[in-house]
Structures are given as C-alpha cells and as structure tokens.
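# Architecture at a glance
Listed below, chain by chain, are the residues.
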Amino acid sequence: MAAISRPSGKVFALKDNKSLFPYLLLAPGLLWLFMFFILPIVNLAQMSTKTSTGESGQFEQSYRFANFFDSFVDASGQFGRSFLYATLATLIALAIAYPLAYAIAFKSGKWKNVLLVLVVAPFFVSFLLRTIAWKQILGEEGPVTAILRGLHIISQQTTLTSSAFAVVTGLAYNFLPFMTLPIYASLERIDPRTLEASGDLYANGFTTFRKVTLPLSMPGVVAGTLLTFIPAAGDYINANILGNPNTKMLGNVIEARFFKIVDYPTAAALSFTLMAAILILITLYIRKAGTEELV
Amino acid sequence: MKSISRWFSKNLIRIYAALAFIYLFIPVLYTFIFSFNDSGKTNLIWKGFTLEKWSNPCGAPEICSALGNSFLIGFTSTFIATVLGTLIAFALGRYKFKGRATTNLLIFLPMATPEIVLGASLLTMFINLGINTSLLTTIIAHVMFCISFVVVTVKARIASLDPRLEQAAMDLYANEWQTFRRVTFPLVLPGIAGAALLAFSLSFDDFIITNFNSGTVNTFPKFVYVSAGRGIPAQANVIGSAMFIIAVAIVIIGQVLGSKRKSKV
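Treat the numbers as computed from the prediction; the structure is a model and nothing was measured.

### Some words on the overall build of chain B
- Regarding its fold elements, chain B presents 12 helices and zero strands.
- Scanning chain B from its N terminus toward the C terminus, one meets helices and strands in the order α-α-α-α-α-α-α-α-α-α-α-α.
- Considering chain B as a whole, with its 265 residues, one finds that 52% of them fall into the buried category.
- Across chain B, the fraction of contacts at a sequence separation of at least 24, relative to all contacts at a separation of at least 6, is 70%.

### Re the overall build of chain A
- Along chain A, the regular secondary structure elements total 14 helices and two strands.
- Taking the principal axes of its C-alpha atoms as reference, chain A extends roughly 75 × 75 × 30 Å.
- Evaluated residue by residue, chain A yields a buried proportion of 49% over its 295 residues.
- By sequence separation, contacts in chain A at least 24 residues apart represent 69% of the contacts at least 6 residues apart.
- Summing over all exposed atoms, chain A offers an accessible surface of approximately 13800 Å²; the carbon and sulfur share of this is 65%.
- Measuring between centres, the 22 positive side-chain charges of chain A sit 7 Å from its 16 negative side-chain charges.

### Some details on the UniProt feature "domain: ABC transmembrane type-1" (unreviewed entry) in chain A
- Under the feature "domain: ABC transmembrane type-1" (unreviewed entry), the UniProt entry names residues 79-285 of chain A.
- For residues 79-285 of chain A, the helix share is 76%, the strand share is 0%, and the end-to-end C-alpha distance is 19 Å.

### Some points on unusual backbone geometry
- In the Ramachandran plot, Val262 of chain A falls in the positive-phi region, its phi being about 50° despite a non-glycine side chain.
- By secondary structure assignment, the location of Val262 of chain A is in the loop between helix H13 (250-259) and helix H14 (264-289).
- Classification of Val262 of chain A as partly exposed rests on a relative accessible area of 26%.
- In this structure, Tyr173 of chain B is a non-glycine residue whose phi angle is positive, near 65°.
- Locating Tyr173 of chain B in the fold gives a position in the loop between helix H8 (163-171) and helix H9 (176-205).

### Here's the deal with empty space enclosed by the protein
- What the rule picks out here adds up to two cavities of 30 Å³ or more.
- Estimates place the volume of the largest cavity at around 100 Å³.
- Leu129, Ile132, Ala133 and Gln136 of chain A together with Tyr30, Thr31, Asn43, Ile232 and Asn237 of chain B are the residues that line the largest cavity.
- Where the lining of the largest cavity is concerned, the elements lending two or more residues are helix H5 (127-138) of chain A together with helix H2 (12-33) of chain B.
- Of all the elements, H5 of chain A adds the most residues to the lining of the largest cavity, at four residues.
- The residue inventory of the lining of the largest cavity, partitioned by class, reads five nonpolar, four polar and no charged.

### A short note on the pattern of salt bridges
Residue and element names in this part refer to chain A.
- This model, assessed by the stated rule, comprises five salt bridges over all chains.
- When the shortest N-O distance is used, the salt bridge between Asp70 and Arg64 registers 2.9 Å.
- Assessed through its relative accessible area of 32%, Asp70 is described here as partly exposed.
- Given a relative accessible area of 33%, Arg64 falls into the partly exposed group.

### Some thoughts on the confidence of the model for chain A
- Looking at chain A as a whole, its pLDDT mean stands at 85, while 92% of the residues score no less than 70.
- Across residues 1-11 of chain A, where pLDDT falls below 50, the model places 31 contacts with residues more than four positions away in sequence or in other chains.

### What to know about the environment of Gln178 of chain B
Residue and element names in this part refer to chain B.
- When you line up the elements, Gln178 lands in helix H9.
- On the accessibility criterion, Gln178 (37% relative accessible area) is partly exposed.
- Excluding anything up to four places from it in sequence, Gln178 contacts Tyr173 and Val183.

### What to know about the UniProt feature "domain: ABC transmembrane type-1" (unreviewed entry) in chain B
- Here the UniProt feature "domain: ABC transmembrane type-1" (unreviewed entry) sits at residues 67-257 of chain B.
- Strand forms 0% of residues 67-257 of chain B and helix 83%; the C-alpha atoms that close the span are 29 Å apart.

### Points about the state of the cysteines
All names here are of chain B.
- Applying the stated criterion to the full structure yields one disulfide over all chains.
- Put simply, Cys58 and Cys64 are joined by a disulfide, and their sulfur atoms are 2.0 Å apart. Residues Cys58 and Cys64 are joined by a disulfide whose S-S torsion is about -85°; by sign, that bridge is left-handed.
- Assessed through its relative accessible area of 25%, Cys64 is described here as partly exposed.

### Some remarks on the side chain of Thr266 of chain A
All names here are of chain A.
- Inspection of the secondary structure assignment puts Thr266 in helix H14.
- Residue Thr266 is classed as buried on the basis of its relative accessible area of 11%.
- Those residues in contact with Thr266, other than ones at most four positions away along the chain, are Ser71 and Arg257.

### Structural notes on the interface of chain B and chain A
- Between chain B and chain A, the contact holds 87 residues from the first and 83 residues from the second.
- A combined buried area of about 8500 Å² lies between chain B and chain A, and 78% of that area is made up of carbon and sulfur atoms.
- When the area that chain B buries against chain A is broken down by residue, the three leading residues are Tyr23, Leu24 and Tyr95 of chain B, summing to 8%.
- Between chain B and chain A we count zero salt bridges in total.
- Counting residues per element, the side of chain B that touches chain A draws most heavily on H2 of chain B, which supplies 14 residues.
- Among the residues forming the side of chain B that touches chain A, the class breakdown is 62 nonpolar, 15 polar and 10 charged.

Scoring rules and cut-offs
Numbers given for residues are sequential positions, taken from 1 along each chain in its written order. The lettering of chains begins at A and the numbering of ligands begins at 1, in the order of writing. Only residues with pLDDT of at least 70 are given local features in this predicted model, and only at 80 or more are side-chain atom pairs given and counted; all residues enter the totals for whole chains, interfaces and linings. Computation of side-chain values covers all heavy atoms of the structure but excludes hydrogens and water. In this text, helices come from DSSP runs of H or I with a minimum length of four residues, and strands from runs of E with a minimum of two, each type numbered from the N-terminal end. Think of it in three bands: residues with accessible area under 20% of the maximum for their type are buried, residues over 50% are exposed, and the middle band is partly exposed, with areas taken using a 1.4 Å probe on protein chains only. Whether two residues are in contact is decided by their heavy atoms: any pair within 4.5 Å suffices. Each accessible area value is a Shrake-Rupley result obtained with a 1.4 Å probe; residue values ignore everything except the protein chains displayed when judging cover. Neither His nor the chain termini are counted; the positive set is Lys and Arg, and the negative set is Asp and Glu. Here the site of a charge means atom NZ of a Lys, CZ of an Arg, CG of an Asp or CD of a Glu. UniProt positions are given in the numbering used here, feature names are shortened, and annotations may be inferred rather than shown by experiment. In this analysis the probe radius is 1.4 Å and the grid spacing 1 Å, with only protein atoms considered; a cavity is a set of points the probe fits into but cannot get out of, a pocket is an open set with protein on both sides within 12 Å along at least five of seven lines, and lining residues have an atom within 4 Å of a point. Grid points are joined across faces, edges and corners, and a volume is the space filled by probe spheres set on the points. Only Asp, Glu, Lys and Arg are considered charged in this grouping, and only Ala, Val, Leu, Ile, Met, Phe, Trp, Tyr, Cys and Pro are considered nonpolar; every other residue, Gly among them, is considered polar. The salt bridge criterion pairs a side-chain nitrogen of Lys or Arg with a carboxyl oxygen of Asp or Glu, the two atoms within 4 Å. Values of pLDDT, which run from 0 to 100, indicate the predictor's confidence residue by residue. Cysteine sulfur atoms that come within 2.5 Å of each other are treated as a disulfide pair. A 1.4 Å probe defines the accessible area here, and the buried area is the portion of it lost by two parts on being joined, summed over both.

Right, here's the structure in full:
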C-alpha cells in the first residue's frame, strides 16, 4: 500500500522499455499468484454451487446458487457479529494507535527507532501464545478478575473471559501494530514547516491538528483501518480462545463446515460471500476516504 | 498544583503512549515470566521458579519437531517469496509496461482477502485436484501470502531512492548493469532484508492458512493451538520468549549496522 511507502517528492522517470524484460521480472511471481491465488478462488466459486451426492465428502456440480442464500441465512448471526466485532476492534485500535503513532513521530526524539521496534516486537512472540496469555491474565485464576472482584468493581459472578468484550479487545490487541505503523509512516512524512506555517497563521494547537496534521495523516489511517479490519473480520482464533458459543464469528462457521461437518459447498459459499462483502466495503471506504492509489 | 497539572497536560500524549506500550507488553511479559514456572503439564498457576524448561526446551513431546517444521517452512517460503516479490517490485518500480494496473490489483487482492478465504480456497483446489496436503502444500500457501508483502516493502524502498545517484553513476560511464549492481541493488538491499524479515515472521506465526493446508504436518502455532485445550507446556513459553529475544536482537543489530554505515557516507 502506497500509504506505507514514502513518496520521495522527486519524480523518477520510469523506463519506457518496449522489450519483454519487465514481463520476465513479473512472470514467476505473478504465475505463482495466478496458480495459487486466482485458480483457488475459481475452484472456490465452482465448489460453492455443488451439492452432496449423499456420500460423505463427495459433491457434484448442480449449479445450486441457493447455497449462497441458505448458508447466509444460517450464519447471518455470525456474519453480523464478524462485521460488528471487526468494526469495534478497528475503532479501539485506532483510538490507541493514533496517539501512540503521534507520540513516536513527534515526541520521542532519539528514541524513535527503539520505540518503533517495540511496537513490532510483541509480534515475535507467537500470536497464539499472546492470546492465550490474555485468557489466563483475565481468566478466573488470573490477577485482574481477583482485583476487580475484591474492589467490588465487578460482581463475583462476572467473568472477563468467555465474553464478547474479551473477543473484541483480543482482536484490537492482536492487530494493533498493523494500525500503528501506517499511521506513523504518514505522520512522520509531514513536513514540520507546514505545522509551523499553521502556527504562524494564528492557528492554536488543536486547530493545527484538526486542519493540518489529521488530513495529512489520512492515508495512514485508511491503510491502518484496512489492515486491521480485514484480518479481524475473518478471524476465528480470538473467538475460539476468548469467546463463548454465543460469540462465534463467521470464521468459526467456515472452519467448522470444512473440518467438522465436511460440507465444502456451503463453506465455500460463505467464504465467497465474506470476500465479496469485504471487497465491496473496501471499495466504498476508499472512495469515501478519497485515497486514490492504495497499492 | 498548577505546575503539576501543566506538566500533566504537556506530557499527556507521552503518558498515553506509555500506557499503550504497557498494554502491548503485558502478554509478552506474562509469557516470559511463565517460561520459568516450575509447572507440570499445564502452565496455569505459578508454582515456583525453575530454569529447567530453558535448559530443556524440547522436553515437551513433539514441540521441537513442530518448531523444526516451522523453521523449514519459514526459511523456504521466505526465500522463494523474497526472490519472486523483489523481481516484481523492480518491474513495478522501474519500468513502464502494459498491464501495470492489473499487476497492482493482483498484488493488492491477496492482502485484502481474509486468511480464512485464502486458506479455504487453496484447500478446495487441492481437494479438487486430489492432492494431499503436506509440507509442500504448506510452503506453496506461505509463499502465496508472503509475496504481496515483499512487493509492497521493496517497492517502497525503490520509490524512496534518490534518482540522482543512478544518474551520477551513468554520468561516470557505468553501463546499466554496472549501475544496477554497484548502486541500485546495494541501496535497495536493506528494503529486501526488511521484506524477508517480515515474510519470515508472517510465515512463522501463521496459523489459519497453515491449518487449512498442512494436513498432518505439525508447526509451532499448530502445536500451541492444539495443546491449548489440555494446557500448554511451559516449553512453549520458552520458545516464544527466545524467538522474541532473537528477533529484537536481530533488529537492533541491523539498526546499529545501518546507522554506522550512514555515518561513514
């Protein structure tokens, strides 16, 4: 995403090469993506209209487009939950990440690089281990529940894990670096002279932020929200580890239909619906946010 | 009182950032501390300090074969994805050609597709073709989702280069190949290294796509996920903490070397 990259300000003339050379550079990588990304999606589409032959794990093509409708109705609760949880998690991550990125970009001085490393560092502890760590920290035997109960902030029956709250905060936690880094990149790129100019024109700190800093950092916000929302909407690990049967997301349904129920066609139909819904949302969002070149 | 509140409002954003960092590191610290827990099979309650798990990280059954697989898959897919992605990044960053928009779209789409869809669609194709999932299919899947991230990272580096450096080389009678080998490539190399590190960490930590396409092959994340039900052995915390320490060390060494080189120039 261009929002993460740094425009040099200097225009480099691309070589107008009529030869096949650029295509030779592209060929191996794009071939890989064609064979193992595009063709699988085509396979997924074909699978989504098949029906069972009666034998377990055997399906035949019958162009049953009602698979899409039926599976959507079946899983509409989880579908809505996926988008609700992902939206909430994205908003929480944004609220944490924007000030964090701002502090690193403008207030950290010589510590900037160290702090950037620290933002990414938790990634290297397996994300499953960290999610399970949250479960134990917030769990029945963990310190947080005991303290909150002792102070009578929550009742003796209230649990922090196995709840929608835990799933949403787990999602927000896991994708926080994806939100922070693009915002940092776009803040860091702001020419400090534009901020000085704003001050010279009698804008106070808040006005400068609202009229100058925030608009200039929008590409980072757009990239960050996408990089958080997309994986969060398809995730099922947080719902599995931190949730309860009533917090299952669409990912849980797809996984179960693939591996437990062995109903590939409806699992494929649901995957396809999820992908289409996300692509439509992205398109609308990018249009609205006005970031033209995102790739 | 007034000066305290003034200090507070002046440093509000710093305090906020510090709290955010604490939030980020609580589970890391927890994982680290419990790697020293003198626990039995499960690692839920603090039972006392021991170094036994660190001296014998392979003590839990299957953990090191899973870790070995993760390294094998990680290194192989990082190598392939970095080579393929860097070639694409150079084509996009340096040449005009027909089909640019399509190429950009093909790079963007895998990043905009949730992992579960990538994993499920690839598995569907393998099922349709009658291919059994194995180490090979896992590597194929990992290369597929790493390529786009490599392209984006390396392309950003190429775009940030000062074109005058290459022009200067040409002015000094370097031909195109010499310019590339002596000027362009060394300048892009840190971007390629960063992309490789990113690809490795994505591959090493991936669970969802791996779970769909690895069949009976065990990886470290799969090991953690499966043992979550009956209790995770403290050795998993040892490996998580060790990976964290190694990765941070690599990044810091890289930054120190980078800043040294910069001060030489």
